[in-house]
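# Secondary and tertiary structure notes
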Amino acid sequence: MSKPKASAYKASESEKATASIGLADKKFFREAYLPKLKEARDTSEKQDYTGVAEGRGNADTMQALTDRPTLAATRSVDSSANLASAATGQAANAFFQGTVGKREDQLGVLKNARGLANTATAGLARAGKIETSNLLAAATAKETRRNAMIKAGGRLGAQFASNVGDANAFEQAETKAGIDKSEDGVRKSADQGSFFEKGFGGIDIAGRGEKYT
Amino acid sequence: MSLGYIRSTYAGMYGNQRDNVSNMEQVNDPEAAFADITRQDYDDYLNNFRAFEERLLDATNDTSIIDNARENAPKQSKIAEGVAKRNTERYGGAGLSNVQKQEQQRAQQRGGKLNLAGGVNNARIQQRQVNQSTLQELIGIGQGVNNSAMQGLGDSAAMASQRRNAYGQAKANYSSQMTGLGTTMLLAAFGV
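Cut-offs used in this document
Residues numbered from 1 in each chain as written. Chains lettered and ligands numbered in written order. Predicted model: local features only at pLDDT ≥ 70, side-chain atom pairs only at ≥ 80, totals over all residues. Helix = DSSP H or I, 4+ residues; strand = E, 2+ residues; numbered from the N terminus. Buried ≥ 20, exposed ≤ 12 C-beta atoms within 10 Å, placed from the backbone. Contact = placed C-beta atoms within 7 Å. Core = buried A, V, L, I, M, F, W, Y, C linked by C-beta atoms within 7 Å. Axes fitted to C-alpha atoms, helices over the stretch in contact; angles between N-to-C directions. Parallel < 35°, antiparallel > 145°, perpendicular 65-115°, else oblique. Left-handed = near helix turned anticlockwise from the far one by under 90°. Expected span 1.5 Å × (residues − 1). pLDDT = per-residue confidence, 0-100.

Okay, the overall build of chain B next. Assigned secondary structure in chain B consists of five helices and zero strands. Secondary structure of chain B in N-to-C order comes out as α-α-α-α-α. Across the 192 residues of chain B, 14% fall into the buried class. Counting contacts in chain B only where the partners sit at least 6 residues apart, residues at least 24 apart contribute 90% of the total.

When helices and strands are counted, chain A shows eight helices and zero strands. In sequence order, chain A lays out its α and β elements as α-α-α-α-α-α-α-α. Within chain A, buried positions represent 27% of all 213 residues.

Moving on, we get to the nonpolar core. Counting residues in hydrophobic clusters, the biggest one holds 24 residues, and the most contacted among them are A:Leu83, A:Ala87, A:Ala92, A:Phe95, B:Ile65 and B:Ala80. The set of elements that each furnish at least two residues to this core consists of helix H2 (49-65) and helix H4 (79-113) of chain A together with helix H4 (64-90) and helix H5 (98-189) of chain B. Sort the elements by how many residues they give to this core and H4(A) lands first, with eleven residues. Apart from residues no more than four positions distant in its own chain, A:Phe95 is found in contact with A:Thr50, A:Ala53, A:Glu54, B:Ile65 and B:Asn68. Counting six residues, the second largest nonpolar core, distinct from the first, contains A:Val109, A:Leu110, A:Ala113 and B:Ile141.

As a further point, take the interface of chain B and chain A. Interfaces are frequently sized by the accessible area removed from exposure as the parts join. Contact residues are listed per partner, giving 53 residues for chain B and 41 residues for chain A. Listed by contribution, the elements that provide at least two residues to the side of chain B that touches chain A are helix H2 (30-48), helix H3 (50-58), H4 and H5 of chain B.

Glancing now at the packing of H2(A) against H4(A). Residues and elements named next belong to chain A. It is at 8 Å that the axes of H2 and H4 come closest, and there the two elements cross at 155°. Between H2 and H4, the interaxial angle falls into the category roughly antiparallel. The element H2 and its partner H4 pack so that their crossing is right-handed.

Right, let's talk about the environment of A:Asp48 for a bit. Among the secondary structure elements, A:Asp48 is positioned in the loop between helix H1 (13-46) and H2. Each C-alpha atom, one on A:Asp48 and one on A:Thr99, is 8.7 Å from the other, the two residues being 51 residues apart in sequence.

Where H1(A) contacts H2(B), the axes come no closer than 11 Å and their chain directions differ by 10°. Taken as axis vectors, H1(A) and H2(B) run roughly parallel relative to one another. In this structure, H1(A) uses A:Glu15, A:Ala19, A:Leu23, A:Lys26, A:Leu34 and A:Lys38 to contact H2(B), whose residues at the interface are B:Pro30, B:Ala33, B:Ile37, B:Asp44 and B:Asn48.

Now for H1(A). When the terminal C-alpha atoms of H1(A) are compared, their 48 Å separation across 34 residues agrees well with the 50 Å that a helix rising 1.5 Å per residue should span. Turning to H1(A), its buried residues are A:Ala19, A:Ser20, A:Arg41 and A:Ser44.

Residues and elements named next belong to chain B. Tracing the backbone shows Val120 in helix H5. Val120 gets classed as partly exposed once you count the C-beta atoms within 10 Å, which come to 19. On a C-alpha basis, the gap between Val120 and Ala73 in space is 8.7 Å, while along the polypeptide they are 47 residues apart. Not counting residues up to four positions away in its chain, the partners in contact with Val120 are Ile66, Ala69 and Arg70.

In this model, chain B carries a mean pLDDT of 85, and residues with pLDDT of at least 70 account for 90%. Reported confidences for the modelled complex are a pTM of 0.64 and an ipTM of 0.71.

Following this line, the structure appears as structure tokens:
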């Protein structure tokens, strides 16, 4: 039985190859990926997602509430206050989303630096998905209701005028046919003022009405 | 299929890779290389990410959302006021009486104050939500770091213990061998 030889306990070729590959990969990681992770760290700190989100939120508010100014909205007491309220809510929501996105990015970088997880970029994606705030929704709904009431009023007016016109025409036709209903208490068209003539005394009701349809 | 055929086939398939591996830096002492890399990794972390981690830990006391809400409410009221003013001008005064104008202004002021109060209150809740969530994540990271550190320490302690036991065993073996050898020599000397 011979003495144990140190050479028998040397690293095998397989072990050496594995170690060489590990070392090469590690060097490559350090040269190629570490700078990227540092870049992600700097981006996550410097990138202002809140600005992007706020800009979008504000654009949404203004588009929804000031896109088509109306006289009714201008005359209303609370539309300006509603606009301010909606814009404030939307901006606050946007700033919140931007901050959350920024934090998520920063935590992702830290997790990666600590070797605990992969880095996932969420900040910009979040900034693009600002939810419409309740205040903007309420203000938009109010504006829509106001415009709908004006439209409905216009339609009612047009229909009323059209009905009056039809009634007058019918009555005139009866008069021409020699039907006198004065005994029944119905006034003859000749006694009526020009207001009840078709088109409210010559005003083109149909033309006005079309605007509201 | 002969062994020679397999060898030549694999040599053809992986010839290039084998060349690449043989051109790599030789590692004669993997343990020392591993120790170096572990040290380098930690240095990299300290140099590049420790300050970042500390800033993130400080961010759990962030108040930026609340501060922004305080600044933003008056700004938005002013913008809305401007919009209303321009619209009124666009409609040639919009037939508003002085009383209506005053009421509009009052509504604007009231809305502005309400926005400020409500906005800051909501911002406080949102800020708390963000800070809490950051803290939870950081605690999770800390737990991971702690576990990894404990594992490293545990491995080191286990290895040290193994070495100590092996050394004790070797000493006991040596002592036993020496005793055996002495006994044999004594017996041989006395011709037993």
